[in-house]
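Observations on chain architecture
Residue strings, one per chain:
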Amino acid sequence: MDVLQRANELEASGREILHCEVGQPETGAPATVAEAAVAALTKDNPRDVLGYTDAFGLMDLRKRIAGHYLAKYEGIDESVVDVSQIVVTTGSSGGFLLAFTSCFDVGDVVAVASSGYPCYRNILSALGCELATIGINREFKITAKELGEEIARRREAGGGEKPISGLILSSPSNPTGAMLSPEELKGLCELCDEEGIQFISDEIYHGISYGKKEATALTYSKSAIVINSFSKYYSMSGWRLGWMVIPSKLIPPINALQQNMFISPPTISQTAAMKCWDDDTISELETHVNKYRQSRDIILNALSKLPHAEALQLAPSDGGFYVYVDLGDENVPDPTTMGSVALCRAFLEEEGVAFTPGVDFEDPEGGLGNRRFRISYAGGVDTVTRAMERFTTFWPLWRERARGGVKLT
């Protein structure tokens, strides 16, 4: 967010800034959604769409969410997506807070990936939970293998290490774009159920994938919590709307927490979101995915042609709208002064393009944050094209500067 703040400051001073730092779609809400909001607000009694709803959200919207799961995914038991277990939330952020406060107590250990969405760490730490950081594998994933190894390590340590109470994981992942296969997700769900670990599956980038099959934890577990959002695929980031699918045992505590923390999610957003699964809406949203695919290809092609590109390690970018880059040892001779933080700062100040350094996403103790950076291609094909043209020019000059020890002032 420091990058975004500085980018906005430069933009306010009159400079053109190409925004490749945030995961916000360039498109607004789909036309059908916007039209539904306008229609609701201009009706005879707009109070009907501006007052509170049930704490769990509008019943019609919850029914549509349930229908979405049954239509999109294979093997889901209808009981798992009963409307009583669907909670409409104030963005996915509201879902995270409800999940964490309903499932964990102060001092509980929650596992997170070594490369992951920073808000997991920040919210859990603020709530007094302890973090178990699990290193991602060479495919930039956590599977049952990596989780099982951490469980075994803690058991072997005896009384010195607490057991893991929960796991939160996203697939497709932010920042890496890596996706778990259905088999890998099934393995994680089964291991968590066997070990009594509360699995929270962050699926907010579902719908944005490039050839690999998406799977939901609801297919493999009746105890998992699934969190999703209208911000990414549905392109409604500022409408602050998301949802959870929860096990029945969590209905009472989450109902109480929702009433006390949020009362209810935004009513006008819920009213408009009921258009999200109309045929016209889906057709429009799929054009967005095609643009993301085009932007992804532009970035990957440009990176592959950089001088000394073989030293770079790229995460898979299976889904979502990010490319995550590891600069490699050869390109970071001195990470204390000339790593990805300095690179992103220089690129923003000198070329007017905002990338996000890996320190925002990496385990602070892992030492990889200053080797990695994320490029968001949510901002559109034109933005990405011009950004990568500038990076293609900037990269050899930066590499020469970094290897020569020239510090950015």
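Remember, it's a predicted structure, so these values are computed and weren't measured experimentally.

So, on to the sheet that holds strand S9 (residues 313-314). Strand order in this open sheet of 4 strands is S9-S10-S13-S12, and the pairing throughout is antiparallel. Each edge of the open sheet is held by one strand with a lone partner, namely S9 and strand S12 (356-357). Bridge count for S12 against strand S13 (residues 372-376) is 2 bridges, and the pairing is antiparallel. Bridge pairing in S13 places Thr356 opposite Arg374. Contacting S9, strand S10 (322-326) and S13, helix H10 (residues 279-304) crosses the sheet at an angle of about 20° to S10.

Turning next to the pairing of strand S3 (residues 109-113). By the criterion of burial, S3 is predominantly enclosed, with 5 of the 5 residues buried. Judged by which residues are buried, S3 turns out to be covered on both faces: Val109, Ala111 and Ala113 on one side and Val110 and Val112 on the other are all buried. For S3 and strand S4 (residues 130-134), the ladder comprises 5 bridges, and the chain directions are parallel. Looking across to S4, one finds that Ala113 is bridged to Ile134. Here S3 pairs with strand S5 (residues 164-170) via 3 bridges, running parallel.

This next bit is on the pattern of salt bridges. The full count for this structure, using the stated rule, is 28 salt bridges. Arg6 is the salt-bridge partner of Glu9, the closest N and O atoms lying 3.2 Å from each other. Placement of the pair is Glu9 and Arg6 together in helix H1 (residues 2-12), with a separation of 3 residues, close to one helical turn. Between Glu161 and Arg154 there is a salt bridge, with its nearest N and O atoms 3.5 Å apart. Look at Glu161 and you get partly exposed, because its relative accessible area is 27%. Here the salt bridges share partners, and the residues they tie into one network are Asp326, Asp329, Glu362, Arg371 and Arg372.

One pass over the full model with this rule turns up 2 cavities of 30 Å³ or more. Of the voids in this model, the largest cavity is the one considered here, and its volume is about 60 Å³. Taken together, Leu169, Ser170, Ser171, Leu180, Leu185, Phe199, Ser201, Glu203, His206 and Ala215 make up the lining of the largest cavity. Split into classes, the residues belonging to the lining of the largest cavity amount to 5 nonpolar, 4 polar and 1 charged. The volume enclosed by the second largest cavity comes to roughly 40 Å³. Forming the boundary of the second largest cavity are Glu26, Thr27, His288, Lys291, Tyr292, Ala378, Gly380 and Val381. Among the elements that make up the lining of the second largest cavity, the one with the highest residue count is H10 (3 residues). Of the residues assigned to the lining of the second largest cavity, the class counts are 3 nonpolar, 3 polar and 2 charged.

As for its placement among the helices and strands, Asp280 is situated in helix H10. Given the relative accessible area of 58%, Asp280 is considered exposed. In this structure, the C-alpha to C-alpha distance between Asp280 and Pro30, residues 250 residues apart in sequence, is 9.0 Å.

With that settled, consider the environment of Cys129. Checked against the element boundaries, Cys129 lands in the loop between helix H5 (118-126) and S4. Residue Cys129 is classed as buried on the basis of its relative accessible area of 8%. For the pair Cys129 and Gly358, spaced 229 residues apart in sequence, the C-alpha separation works out to 23 Å. Other than its neighbours up to four places away in sequence, Cys129 contacts Phe104, Asp105, Gly107, Asp108, Val110 and Leu124.

Cut-offs used in this document
Residues numbered from 1 in each chain as written. Predicted model: local features only at pLDDT ≥ 70, side-chain atom pairs only at ≥ 80, totals over all residues. Heavy atoms only, no water. Pairing = 2+ DSSP bridges. Helix = DSSP H or I, 4+ residues; strand = E, 2+ residues; numbered from the N terminus. Contact = heavy atoms within 4.5 Å. Axes fitted to C-alpha atoms, helices over the stretch in contact; angles between N-to-C directions. Buried < 20%, exposed > 50% of the residue type's maximum accessible area, 1.4 Å probe, protein only. Salt bridge = Lys/Arg side-chain N within 4 Å of Asp/Glu carboxyl O. 1 Å grid on protein atoms, 1.4 Å probe; cavity = no way out; pocket = protein on both sides within 12 Å on 5 of 7 lines; lining within 4 Å. Points joined across faces, edges and corners; volume = space filled by probe spheres on them. Nonpolar A, V, L, I, M, F, W, Y, C, P; charged D, E, K, R; others polar.

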